[in-house]
Amino acid sequence: MCSTYNQENYRNQTASTVQDEKNADMNNWLPITASRKAKWWYSAFHNVTAIVGAGVLGMPFALSQLGWIPGVLCIIISWLVTFYTFWQLVELHEVVPGKRFDRYPELGQHVFGPKLGYWIVMPQQMLVQVAIDIVYMVTGGKSLKKFADLVIPSLGDIRKTYFTIFFLVLQLVLSQTPNFNSLRGISLIAAVMSWSYSMVAFITSIIRGSKQHPSTYGVRSHTTAGIILDAFSGLGTIAFAFAGHSVALEIQATMPSTEETPSKKPMWRGVVVAYFIVAFCYVSVAVSGFWAFGDLVEDDVLISLERPRWLIAMANFMVFLHVLGSYQVFAMPVFDGIESYVVQNGYFKPGRSLRLMARSLYVVSTGFVAICLPFFGGLLGFFGGLVFSSTSYFIPCIMWLVLHKPKRWSFHWFASWFSTIIGVTVAVLAPIGGIRQIILSAKTYKLFS
């Protein structure tokens, strides 16, 4: 009897060891965990690239939907809430001693259970990544066309669809970058570009506003229903601008970790630097853009700015370069999930052919949707509320409450519940306004125009 038990125990241990070795081999190949040599400043520019994206250009538009005081207040509250929830994710990365939760769904499985946790977190994270990449496809084509129109007016008759296709082709090439750490050069350029075009938008808006600005500052709509629905969409636009949480654990996974220096130390240092850059960019662009144009500002403030011509052209080209890199930062977790699934289920073996086929299919799919639905402002509001608020505003808080069970009315108990209430409110209201914005834009849109 004892011998049978020992044999069974040995077989279980052997099977467990084989599975651990298999998982280790997978992690050494998958794009998120293939390299763990990142420095703290990698965290800084990865997070700037992820957060200060196309959303910053929609901030003045959000103020035109919400009004001065509610708009600025919403930006500040969102910054504080997401700064806190980012800290929670960084701390939870190694909440179990000796184990790292390298991916958002893995942490969800630990908190809510293997099946429930996976299906709570994975679909929402994937929707965030895909939604951002669709919006960045739209932004890339739109910005490149604006650049071409300003620099070479004779190209004005070329459809925006062709510029989006050109952006798609470049993404097909960049998508073959092996792993997250290999993106550091591209991500650094993207981070510099995002800061640069934010400052161009800020300075040129100040110059424009000092010469001519509205005498009054109202909101875009003039009916009660329109004002309410626009406000909902504005909430979603702001939520969209704080999307970096969906790649936070994956960025931290690229960093080395020891007992003396756990990965949370360099990661948090980079997050702090990134978040103060975010604060300056968002508030400066939002306030200056709305001050200069009022409720007539476009959903992309660079479209409203036309002078000086060469500088606005350069800013649009900076946006193009930024979204080239930012698209890949958000696509990496998707690539990781697709490649993990097809290898574990025996459809493919790890290798270049898998990366070429899987990643190319994903890039083409997001490009097709972007060409069919190029509604920048509406997409920001719709996606911002639908999934961004959950991954950035309240899922980290719920995880914290479940794992740490803070004492009632303590700081972390109050902060977690406050953030959750804010996030759920945005998740419920913002998609309604975003859908309305898409419907209004679709009335004057021709397919593949």
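Look up a bit, the structure's there.
As the structure is a computational prediction, the values presented were derived from the model and not from experiment.

**Student:** I'd like to hear about the overall build of the protein chain, residue by residue, with values.
**Tutor:** A count of helical and extended segments in the protein chain gives 16 helices and 0 strands. In the protein chain, which comprises 449 residues, the proportion classed as buried is 55%. A fraction of 85% describes how many contacts in the protein chain between residues 6 or more apart in sequence connect residues 24 or more apart. When the accessible surface of the protein chain is split by element, carbon and sulfur atoms take 68% of a total near 19600 Å².

**Student:** Residues and numbers for a nonpolar patch on the surface, please.
**Tutor:** Together, Ile158, Tyr162, Ile165 and Val169 line one region of the surface with nonpolar side chains, adding up to about 340 Å² of accessible area. Considering the arrangement of structural elements, one finds Val169 in helix H7 (residues 160-174). Given the relative accessible area of 43%, Val169 is considered partly exposed.

**Student:** So what's going on with the environment of Phe418? Which residues, and what values?
**Tutor:** Looking at the secondary structure, you find Phe418 in helix H16 (residues 411-442). Remark: the alpha-carbon pair of Phe418 and Phe394, spanning 24 residues in sequence, is separated by 9.1 Å. Leaving out residues up to four positions away in the same chain, Phe418 has contacts with Ile77 and Val81.

**Student:** Quick rundown of the side chain of Ser246? Include the residues and the values.
**Tutor:** For Ser246, the location among the structural elements is in the loop between helix H9 (224-240) and helix H10 (248-253). According to the relative accessible area criterion, Ser246 is buried, its value standing at 0%. Ser246 has contacts with Tyr104, Gln125, Val128, Gln129 and Phe330, leaving out every residue within four places of it along the chain.

**Student:** How would you explain helix H3 (residues 59-66) if you had to name every residue and give the values?
**Tutor:** H3 sits mainly inside the fold: 8 of its 8 residues count as buried. Two residues or fewer past H3, Gly67 is found with a positive phi of approximately 100 degrees.

**Student:** How would you explain the pattern of salt bridges if you had to name every residue and give the values?
**Tutor:** This model, assessed by the stated rule, comprises 8 salt bridges. The shortest N-O distance in the salt bridge between Arg355 and Glu339 comes to 3.9 Å. With Arg355 in helix H14 (residues 352-372) and Glu339 in helix H13 (residues 309-344), this pair connects stretches of sequence that are 16 residues apart. Of the two residues, Arg355 and Glu339, neither departs from the other in class, the shared state being buried. Bridged by salt links that share partners, the residues Arg36, Arg100 and Asp102 form one connected network.

**Student:** Quick rundown of the packing of aromatic side chains? Include the residues and the values.
**Tutor:** Evaluated as defined, the whole model comprises 27 aromatic pairs. Ring centres 6.0 Å apart and planes at 85 degrees place the aromatic pair Trp40 and Trp41 in the edge-to-face group. Aromatic pair Phe242 and Tyr282: ring centres 5.2 Å apart, planes at 75 degrees, arrangement edge-to-face. Here Phe242, found in the loop between H9 and H10, pairs with Tyr282, found in helix H11 (residues 264-293); they are 40 residues apart in sequence, far enough to count as distant.

**Student:** Please set out the environment of Asp300 residue by residue, giving values where relevant.
**Tutor:** With respect to the helices and strands, the residue Asp300 is situated in the loop between H11 and helix H12 (301-304). Overall, the relative accessible area of 1% leaves Asp300 in the buried class. The spacing of Asp300 and Lys142 is 158 residues in sequence and 9.8 Å in space, taken between C-alpha atoms.

**Student:** Account for the packing of helix H2 (residues 40-51) against helix H8 (residues 184-211), with residues named and values stated.
**Tutor:** Where H2 contacts H8, the axes come no closer than 8 Å and their chain directions differ by 60 degrees. Compared by their axis directions, H2 and H8 come out oblique. Crossing geometry of H2 relative to H8 is assigned as left-handed. Residues Tyr42, Phe45, His46, Val48 and Thr49 of H2 touch H8, and the partners they reach there are Arg184, Ser187, Leu188, Ala190, Ala191 and Ser194.

**Student:** Would you mind going over unusual backbone geometry in detail, with residue names and values included?
**Tutor:** The backbone of Lys405 sits at a positive phi, close to 45 degrees, despite the residue not being glycine. You can see Lys405 is positioned in the loop between helix H15 (376-404) and H16. Judged by relative accessible area, which is 63%, Lys405 ranks as exposed.

**Student:** I'd like to hear about the nonpolar core, residue by residue, with values.
**Tutor:** The biggest cluster of nonpolar side chains holds 108 residues, and the ones touching the most others in it are Phe242 and Tyr282. With 15 residues, the top contributor of residues to this core is H13. Those residues in contact with Phe242 that sit more than four places away from it in its chain are Ile51, Ile75, Ser78, Trp79, Thr82, Tyr275, Val278, Tyr282, Ser392 and Tyr393.

**Student:** Can you tell me about the side chain of His93, naming the residues and giving the values?
**Tutor:** Checked against the element boundaries, His93 lands in the loop between helix H4 (68-92) and helix H5 (104-112). A relative accessible area of 0% places His93 in the buried class. If sequence neighbours within four positions are ignored, His93 has contacts with Lys99, Arg100, Phe101, Asp102, Leu249, Gln252, Ala253 and Ser263.

**Student:** So what's going on with the environment of Phe290? Which residues, and what values?
**Tutor:** Mapping Phe290 onto the fold places it in helix H11. Once the C-alpha coordinates of Phe290 and His213 are considered, the two residues, 77 residues apart in sequence, prove to be 9.1 Å apart. Those residues within four positions of Phe290 in sequence are excluded, and the remaining contacts are Pro60, Leu63, Ser64, Trp68, Tyr217, Gly218 and Asp295.

Rules of the game
- Residues numbered from 1 in each chain as written.
- Predicted model: local features only at pLDDT ≥ 70, side-chain atom pairs only at ≥ 80, totals over all residues.
- Heavy atoms only, no water.
- Helix = DSSP H or I, 4+ residues; strand = E, 2+ residues; numbered from the N terminus.
- Buried < 20%, exposed > 50% of the residue type's maximum accessible area, 1.4 Å probe, protein only.
- Contact = heavy atoms within 4.5 Å.
- Areas by Shrake-Rupley, 256 points an atom, 1.4 Å probe, with all protein chains shown as cover.
- Patch = residues over 30% accessible without salt bridge, like charges linked within 9 Å, V, L, I, M, F, W, Y side chains within 5 Å.
- Salt bridge = Lys/Arg side-chain N within 4 Å of Asp/Glu carboxyl O.
- Phe/Tyr/Trp six-rings, centres within 6.5 Å; stacked < 30°, edge-to-face > 60°.
- Axes fitted to C-alpha atoms, helices over the stretch in contact; angles between N-to-C directions.
- Parallel < 35°, antiparallel > 145°, perpendicular 65-115°, else oblique.
- Left-handed = near helix turned anticlockwise from the far one by under 90°.
- Core = buried A, V, L, I, M, F, W, Y, C linked by side-chain atoms within 4.5 Å.

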